[in-house]
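# A look at the structure
So the chains spell out like this:
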Amino acid sequence: MFPAWPSFTIDEVEAVTRVLESGRVSYWTGDEGRRFEEEFAAHAGCKYAIAVANGTVALELALYALGIGRAMKLLPAHEPSSPQLLAL
């Protein structure tokens, strides 16, 4: 039997509740997104970190950062997933 997923700790639920109750839920009105990026960058030993909405956007951003554009020919994995194909 697999454990329930997703699973959240009380601290995570309280943090999300604080943000929702503040009404400052966007990247422009609140500071949680920027604080997360700064803390993650420090944890990873990087100068910068960028939070994105999902894995597909992360793949697209990685390809863009590497200078890989639509005109290039890429060979996906043997059985690529939908997000991989969308990013390509």
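Just so we're clear, the structure is a prediction, and the values are computed from it rather than from any experiment.

A separate point is the overall build of the protein chain. When you go through the protein chain residue by residue, the secondary structure sums to four helices and zero strands. Taken from the N to the C terminus, the helices and strands of the protein chain come in the order α-α-α-α. Relative to its full complement of 88 residues, the protein chain shows a buried share of 7%. Nonlocal contacts in the protein chain, meaning residues at least 24 apart in sequence, comprise 30% of its contacts between residues at least 6 apart.

Our next topic: helix H1 (residues 10-22). In a regular helix each residue adds 1.5 Å, so 13 residues correspond to 18 Å; H1 covers 18 Å between its end C-alpha atoms and thus fits that length. Residue Gly-23 follows H1 closely and has a positive phi angle near 80°.

Below, the discussion takes up the pattern of salt bridges. Tallying each qualifying case throughout the model produces two salt bridges. Notably, a salt bridge pairs Arg-35 with Asp-31, separated by 3.7 Å at the nearest N-O pair. Judged by relative accessible area, which is 37%, Arg-35 ranks as partly exposed. Asp-31 sits in the partly exposed class, given a relative accessible area of 35%. Several salt bridges converge on common partners, so that one network encompasses Asp-31, Glu-32 and Arg-35.

Right, let's get into helix H3 (residues 55-65). The N-capping residue of H3, defined by a side-chain oxygen 3.1 Å from the backbone nitrogen of Thr-56, is Asn-54. Following H3 by one or two positions, Gly-67 adopts a phi angle in the positive range, close to 75°.

Conventions used here
Residues numbered from 1 in each chain as written. Predicted model: local features only at pLDDT ≥ 70, side-chain atom pairs only at ≥ 80, totals over all residues. Heavy atoms only, no water. Helix = DSSP H or I, 4+ residues; strand = E, 2+ residues; numbered from the N terminus. Buried < 20%, exposed > 50% of the residue type's maximum accessible area, 1.4 Å probe, protein only. Contact = heavy atoms within 4.5 Å. Expected span 1.5 Å × (residues − 1). Salt bridge = Lys/Arg side-chain N within 4 Å of Asp/Glu carboxyl O. Polar contact = N/O pair within 3.5 Å; in protein donor to acceptor, adjacent residues only side chain to side chain.

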